[in-house]
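Each chain, letter by letter, is given below.
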Amino acid sequence: MRILVTGGAGFIGSHLCERLLNEGNEVICLDNFFTGRKANISHLFDHGGFEMIRHDVTQPILLEVDQIYNLACPASPVHYQYNPVKTVKTNVLGMINMLGMAKRVRARILQASTSEVYGDPVEHPQTESYNGNVNPIGLRSCYDEGKRVAETLMMDYHRQSGVDTRIVRIFNTYGERMLENDGRVVSNFIVQALRGKPLTIYGDGSQTRSFCYVSDLVEGFIRLMNAEGDDVHMPVNIGNPGEFTMNELAAEVGTATGRPVDIEYLPLPQDDPKQRKPNIDRAKALLGWEPTVPLRDGLLKTVQYFERTLTF
Ligand code: NAD
Ligand code: UDP
């Protein structure tokens, strides 16, 4: 198949491009390099099935493909809040452009949605039927509400025009190729520990997240994209149900890096969700999917990556 991956030069997108190429597909990677970089995909340039297009998804583009994975959107709060209006445009105009393409060429399209659609969740763990608790006017809204509108567009193009859609709600994912200045907690803690700096915990560190290793996520993406049936258009949570406080994560990073860690407590950002953990019953039943990489193993691999690539 010929497969388009928007945001393909980013952290998750680069792993997805690699996996799709290894399975014998042609891959078109489209990216504006806002948080993506050529280094993430330069090892794929010699592959005959790989093409790279520098393009912004907020602008229309004509391509002929069989499948579209729409990942284009900065994912770290630091980056999506840098230009919040652009973040909304990427989520809304980008989604409309990709859905227009899917409709025109009858491609199947998968949207990289997020657990952020649940906001600061009152239901715990989060099931797909939970409608969420999102602040529409806060600093995270450009991302959370942008992704919610993107889901709305996916469902409306499906119902109105019969577009063949898939929605993954991704929970916090980590692994090799996160940027050292990405700003998300796993890469921040690892980079800080390796540089002998204190780990910055926002708030008192009691808030929880559930961390999925990137290869597990990519497996879930591919299974959902290729799943058939009446029930495949509704959102699916993909994440690791292992739940950790940020204090526990700091200790795990200390173990994985083998360094003594100091902690610096900083103010909690606005609207920071207090807890997050996926219910993955639907992914198990629909896709036979569940995560296979425990946090300790995934952290070790990520630490090894940063040890190889970090400039100290
Ligand atoms: P990332 O920032 O590494 O990747 C995003 C990619 O999209 C980058 O390569 C960036 O340059 C590109 N991009 C951004 N705006 C664009 C635009 N307007 N046009 C073209 N390209 C654009 O982040 P990631 O962690 O790889 O996330 C990938 C997707 O998964 C995002 O849609 C994100 O919202 C979603 N997601 C990720 C997580 C996670 O924990 N990593 C969790 C939930 C959802
Ligand atoms: N966080 C932290 N220190 C950091 C970066 C993040 O304590 O250096 C916290 C952040 O406040 C949040 C959690 O870690 O409670 C996860 O943050 P991240 O930005 O990785 O993802 P998200 O909040 O989008 O789930």
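Along each chain, the written sequence defines residue order, and numbers are assigned to residues from 1. Naming scheme: in the order in which they are written, chains are lettered from A and ligands are numbered from 1. Restriction of local features to residues with pLDDT of at least 70 applies here, the model being predicted, together with a cutoff of 80 or more for giving and counting side-chain atom pairs; totals for whole chains, interfaces and linings are based on all residues. As a convention, hydrogens and water are excluded, and side-chain values are obtained from all of the structure's heavy atoms.

**Student:** Can you walk me through the overall build of the chain in this structure?
**Tutor:** If you tally the helices and strands in the chain, you get nine helices and 13 strands. What you see for the chain is a C-alpha radius of gyration of 19 Å, in line with the 20 Å of a compact globule of 312 residues. Taken across its 312 residues, the chain has 57% of its residues classed as buried. Methods summary: accessible areas were calculated by the Shrake-Rupley approach with a probe of 1.4 Å, and residue burial reflects only the protein chains presented. Of the accessible surface of the chain, which amounts to about 13,300 Å², a share of 50% is contributed by carbon and sulfur atoms. Counted as positive: Lys and Arg. Counted as negative: Asp and Glu, with His and the chain ends omitted from the count. Where a charge lies is defined by one atom per residue type, namely NZ (Lys), CZ (Arg), CG (Asp) and CD (Glu). Counting 32 positive and 38 negative side-chain charges, the chain places the averaged centre of each group 4 Å from the other. Put simply, DSSP H or I for four residues or longer makes a helix, DSSP E for two residues or longer makes a strand, and each gets a number counted from the N terminus. Only the C-alpha atoms count toward the radius of gyration. The rule for a globule is 2.2 Å times the residue count to the power 0.38. Only protein chains enter the accessibility calculation, which uses a 1.4 Å probe. A residue is then buried if its area is under 20% of the maximum for its type, exposed if over 50%, and partly exposed in between.

**Student:** I tried to follow the sheet that holds strand β4 (residues 67-70) on my own but got confused; where do I start?
**Tutor:** Hydrogen bonds along the backbone pair up the strands of a sheet, which may run parallel or antiparallel. Between any two strands, pairing holds if DSSP finds at least two bridges. Taken in spatial order, the seven strands of this open sheet run β3-β2-β1-β4-β5-β6-β11, and their pairing is parallel. Looking at strand neighbours, the two that pair on one side only are β3 (50-54) and β11 (236-238), the edges of this open sheet. Put simply, the sheet's adjacent strands are angled 20° from each other on average, direction ignored. As paired strands, β4 and strand β5 (residues 108-114) are joined by four bridges and run parallel to one another. Looking at β5, one finds that Y69 is bridged to L110. This element, helix α6 (residues 214-225), spans β4, β5, β6 (165-170) and β11 of the sheet and lies at about 160° to β6. All axes here are fitted lines through C-alpha atoms, helices being fitted over the stretch that makes contact, and every angle between N-to-C directions spans 0 to 180 degrees. Contact criterion: two residues are considered in contact whenever any of their non-hydrogen atoms come within 4.5 Å of each other.

**Student:** Hey, could you run me through the site of ligand 1 in this one?
**Tutor:** One heavy atom within 4 Å of a molecule or strand is enough for the residue carrying it to be called near that molecule or strand. Taken together, 29 residues lie near ligand 1, and D31, T35, Y143, T173 and R184 sit nearest. Residue T173 places a main-chain N or O atom 2.7 Å away from an oxygen atom belonging to ligand 1. Isolated, ligand 1 exposes 820 Å² of accessible area, and the fraction of that covered by the protein chains is 97%. Mapped onto the shell around ligand 1, the elements with two or more residues apiece are α1 (11-22), β5 and α4 (141-161). Ranked by residues supplied to the shell around ligand 1, first place goes to β5 with three residues. Here a polar contact is taken to be a pair of N or O atoms separated by no more than 3.5 Å, where protein atoms must pair a possible hydrogen donor with a possible acceptor and residues adjacent in sequence count only if both atoms sit in side chains.

**Student:** Explanation requested: the packing of α1 against α6 in the structure shown.
**Tutor:** At a closest axis distance of 10 Å, the pairing of α1 and α6 adopts a crossing angle of 60°. Of the possible angle classes, the one that applies to α1 and α6 is oblique. Where α1 crosses over α6, the two elements pack in a sense that is right-handed. Here α1 contributes F11, I12, H15, L16, R19 and L20 to the contact with α6, which in turn contributes V214, L217, V218, E219, F221 and I222. Note that the term roughly parallel is reserved for angles under 35 degrees, roughly antiparallel for angles over 145, roughly perpendicular for angles of 65 to 115, and oblique for everything else. Helix crossings fall into two classes, left-handed where the near helix is turned counterclockwise from the far one by less than a right angle and right-handed where it is turned clockwise.

**Student:** Hey, could you run me through the nonpolar core in this one?
**Tutor:** One recurring pattern in soluble globular proteins is that nonpolar side chains are buried together. Here, nonpolar core means buried Ala, Val, Leu, Ile, Met, Phe, Trp, Tyr and Cys residues that are tied together by side-chain atoms lying within 4.5 Å of each other. Residues L16, Y69, F221, L249 and L299 are the most contacted members of the largest nonpolar core, which totals 61 residues. L299 has contacts with Y174, V186, I190, L249, E252, V253 and A256, leaving out every residue within four places of it along the chain. Counting 24 residues, the second largest nonpolar core, distinct from the first, contains V92, M101, A107 and M155.

**Student:** Quick question: what am I supposed to make of α1 here?
**Tutor:** Owing to its 3.6 residues per turn, the α-helix brings residues three or four apart onto one side. Each residue after the first adds 1.5 Å to the expected span of a helix. The terminal C-alpha atoms of α1, which comprises 12 residues, lie 17 Å apart, in line with the 16 Å expected from a rise of 1.5 Å per residue. Of all 12 residues making up α1, nine are buried, and the element is well covered by its neighbours. For α1, the set of buried residues is F11, I12, G13, S14, H15, L16, C17, L20 and L21. Against the buried residues of α1 lie β1 (2-6), β2 (26-31), β3, β4, β7 (173-174) and α6. Remark: G24 follows α1 within two positions and exhibits a positive phi of approximately 95°.

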